[in-house]
Amino acid sequence: MSETLPSRGPLLRALPGTVMVVDDTPANLQLLDELLRSRGHHVLLFPRGALALKAARRHPPDVILLDILMPEMDGFEVCRQLKADPQLAQIPVIFLSALGDVESKVRAFAAGGVDYVAKPFQEEEVLARINTHLCLHQLGQALDDERQQLELLVRERTADLERAQRVGRIGSW
């Protein structure tokens, strides 16, 4: 007798988001720009890490694709600075690099990256990883919103209870 596995539900699909791409190679920027825009994403392109950091502080993106080998500031340092900023620390950073060695991957994760794609990359892999991290980011934001609403509701109910106790002249233990 053979058992069948239950069918899996539809994959989670993230809403299109703002994707920042940081890469010093113009061809990579153009390819990723076309690919991501064709899927409905808003794309921000930066050839250097310092420019990307300034822009992220002004308008935080939903996810960042980050090259490692760049002039002036490498991707590891860009990621460390992003993660050190409380306003930007929750933005998922996906490293996209020609460095395929284990040490580079470990350094990327230690710097705060959430994923790593080796160049040359497959478009569908990049899209799948972006979708996954956008979903996680969007779910995390929804949970934060829900938590804030619950905290507000608890404060309101506590204030109501305190008012009722004052009116009824009963104490709480």
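Residues numbered from 1 in each chain as written. Predicted model: local features only at pLDDT ≥ 70, side-chain atom pairs only at ≥ 80, totals over all residues. Heavy atoms only, no water.

(A) Seen up close, the packing of aromatic side chains. According to the stated counting rule, one finds two aromatic pairs in the structure shown. For the pair Phe76 and Phe95, a centre-to-centre distance of 6.0 Å together with 40° between the ring planes defines the contact as tilted. On the criterion of sequence distance, the pair formed by Phe76 in helix H3 (residues 75-84) and Phe95 in strand E4 (residues 93-97) is long-range, its members being 19 residues apart. Given a relative accessible area of 0%, Phe95 falls into the buried group. Taking the centre distance of 6.4 Å and the plane angle of 25° together, the rings of Phe95 and Tyr116 count as stacked. Remark: Tyr116 occurs in strand E5 (residues 115-118) and Phe95 occurs in strand E4; sequence separation between them is 21 residues. By the burial criterion, Phe95 is buried, and Tyr116 matches it. The structure contains a cluster of three or more aromatic residues connected by ring pairs, namely Phe76, Phe95 and Tyr116. (Phe/Tyr/Trp six-rings, centres within 6.5 Å; stacked < 30°, edge-to-face > 60°. Helix = DSSP H or I, 4+ residues; strand = E, 2+ residues; numbered from the N terminus. Buried < 20%, exposed > 50% of the residue type's maximum accessible area, 1.4 Å probe, protein only.)

(B) Focus on the sheet that holds strand E1 (residues 18-22). On the basis of which strands lie adjacent, the open sheet formed by five strands has the order E2-E1-E3-E4-E5 and parallel pairing. The sheet terminates laterally at strand E2 (42-46) and E5, the two strands that pair on one side only. The sheet shows a mean angle of 20° between the axes of neighbouring strands, taken without regard to direction. Where strand E3 (residues 63-66) lies against E4, three bridges are found, and the strand directions are parallel. Following the sheet pairing, Leu66 is matched in E4 by Phe95. Contacting E1 and E2, helix H2 (residues 49-58) crosses the sheet at an angle of about 160° to E1. Relative to the sheet, helix H4 (residues 102-111) contacts E4 and E5, its axis offset from that of E5 by approximately 145°. (Pairing = 2+ DSSP bridges. Axes fitted to C-alpha atoms, helices over the stretch in contact; angles between N-to-C directions. Contact = heavy atoms within 4.5 Å.)

(C) Inspection of helix H5 (residues 123-168) at higher detail. Over its 46 residues, H5 runs 67 Å from end to end, which matches the ideal 68 Å to within 8%, given 1.5 Å per residue. Those residues of H5 lying buried are Val126, Leu127, Ile130, Asn131, His133, Leu134, Cys135, His137 and Gln165. Of the surrounding elements, those touching the buried residues of H5 are E1, helix H1 (26-38), E3, E4 and E5. (Expected span 1.5 Å × (residues − 1).)

(D) Broad picture of the pairing of E3. Of the two faces of E3, the one lined by Val63 and Leu65 and the one lined by Ile64 and Leu66 are each fully buried. Two strands pair when backbone bridges link them, and E1 and E3 are joined in this way by four bridges, in the parallel orientation. Note that in E3 the partner of Val22 across the bridge is Leu66. Between the parallel elements E3 and E4, the chain passes through H3 in a crossover that is right-handed. (Right-handed = clockwise from strand over helix to strand, strands pointing away.)

(E) Looking closely at the packing of H2 against H3. Running from N to C, H2 and H3 point in directions that differ by 20°, and their axes come no closer than 10 Å. In terms of axis orientation, H2 runs roughly parallel to H3. The element H2 and its partner H3 pack so that their crossing is right-handed. On H3, the residues touching Gly49, Leu53, Ala56 and Arg57 of H2 are Val78, Gln81 and Leu82. A per-class count over the contact of H2 with H3 returns four nonpolar, two polar and one charged. (Parallel < 35°, antiparallel > 145°, perpendicular 65-115°, else oblique. Left-handed = near helix turned anticlockwise from the far one by under 90°. Nonpolar A, V, L, I, M, F, W, Y, C, P; charged D, E, K, R; others polar.)

Just distances and angles here, no functional claims.
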